[in-house]
Amino acid sequence: QVQLVESGGGLVQAGGSLRLSCAASGGTYSSYVMGWFRQAPGKEREFVVAISSSGGRTNYADSVKGRFTISRDNAKNTGYLQMNSLKPEDTAVYYCAVARIFSTIKGVYEYWGQGTQVTVSS
């Protein structure tokens, strides 16, 4: 069992930045792939970015490439999502999750955080 807790969400102006954190406990976090997904009201939950257990491989959705950066600190059992140049269309609840294998498919991820709201105003 892995417990995940996101933090760092909030309200920002378009063009601003925000950094989300994902704190893990109850498992061997360093052995898992970590990913971020988001869900806007009335929309399907969508893949944002994933990072391998060692941090050596990443994959970004086209919509965030060049603006968002994923990282992890396994010694702290924590993952991060740095979000720059935010747009109103980035508004969503952001979830972190972990998986045994590297994937962009939400069904592959086994444990999920509670989500944190990110709102970008125009």
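Scroll up for the structure.
In this report, we go over the structure that sits alongside the text. (Residues numbered from 1 in each chain as written. Predicted model: local features only at pLDDT ≥ 70, side-chain atom pairs only at ≥ 80, totals over all residues. Heavy atoms only, no water.)

**Re the packing of aromatic side chains**
- The full count for this structure, using the stated rule, is four aromatic pairs.
- Here Phe 37 and Tyr 109 contribute two aromatic rings whose centre-to-centre distance is 5.1 Å and whose plane-to-plane angle is 75 degrees, an arrangement assigned as edge-to-face. Of the two residues, Phe 37 is situated in strand β4 (residues 33-39) and Tyr 109 in the loop between β9 (92-99) and β10 (111-112); the sequence distance between them amounts to 72 residues.
- Looking at Tyr 109, the relative accessible area reads 4%, which means it is buried.
- Site record: aromatic cluster; members linked through ring pairs are Phe 37, Phe 47, Tyr 109 and Trp 112.
- In this structure, Arg 45 packs its charged tip against the face of Trp 112, placed 4.1 Å from the ring centre. (Phe/Tyr/Trp six-rings, centres within 6.5 Å; stacked < 30°, edge-to-face > 60°. Helix = DSSP H or I, 4+ residues; strand = E, 2+ residues; numbered from the N terminus. Buried < 20%, exposed > 50% of the residue type's maximum accessible area, 1.4 Å probe, protein only. Lys NZ or Arg CZ within 6 Å of the ring centre and 35° of its normal.)

**Comments concerning the environment of Asp 73**
- Considering the arrangement of structural elements, one finds Asp 73 in strand β7 (residues 68-73).
- A C-alpha to C-alpha distance of 9.4 Å links Asp 73 and Ser 54, two positions 19 residues apart in sequence.
- Excluding residues that lie within four positions of it along the chain, Asp 73 makes contacts with Thr 78 and Tyr 80.
- Of the polar contacts made by the side chain of Asp 73, one reaches the backbone nitrogen of Ala 75; its length is 3.2 Å. (Contact = heavy atoms within 4.5 Å. Polar contact = N/O pair within 3.5 Å; in protein donor to acceptor, adjacent residues only side chain to side chain.)

**A look at the sheet that holds β7**
- On the basis of which strands lie adjacent, the open sheet formed by four strands has the order β1-β3-β8-β7 and antiparallel pairing. Edge positions in the open sheet fall to β1 (3-7) and β7, since each of these has one partner strand only. Across the sheet, the mean angle separating the axes of adjacent strands is 15 degrees when strand polarity is ignored.
- One ladder, built from six bridges, connects β7 with strand β8 (residues 78-83); its direction is antiparallel. Bridge pairing in β8 places Ile 70 opposite Leu 81. (Pairing = 2+ DSSP bridges. Axes fitted to C-alpha atoms, helices over the stretch in contact; angles between N-to-C directions.)

**Considerations on the environment of Glu 44**
- With respect to the helices and strands, Glu 44 occurs in the loop between β4 and β5 (46-51).
- Taking relative accessible area as the criterion, Glu 44 reaches 64% and is therefore assigned exposed.
- The sequence separation of Glu 44 and Asn 59 amounts to 15 residues, and the corresponding C-alpha distance is 19 Å.
- Once you skip the residues sitting within four places of it in the chain, Glu 44 turns out to touch Arg 38, Gln 39 and Lys 106.

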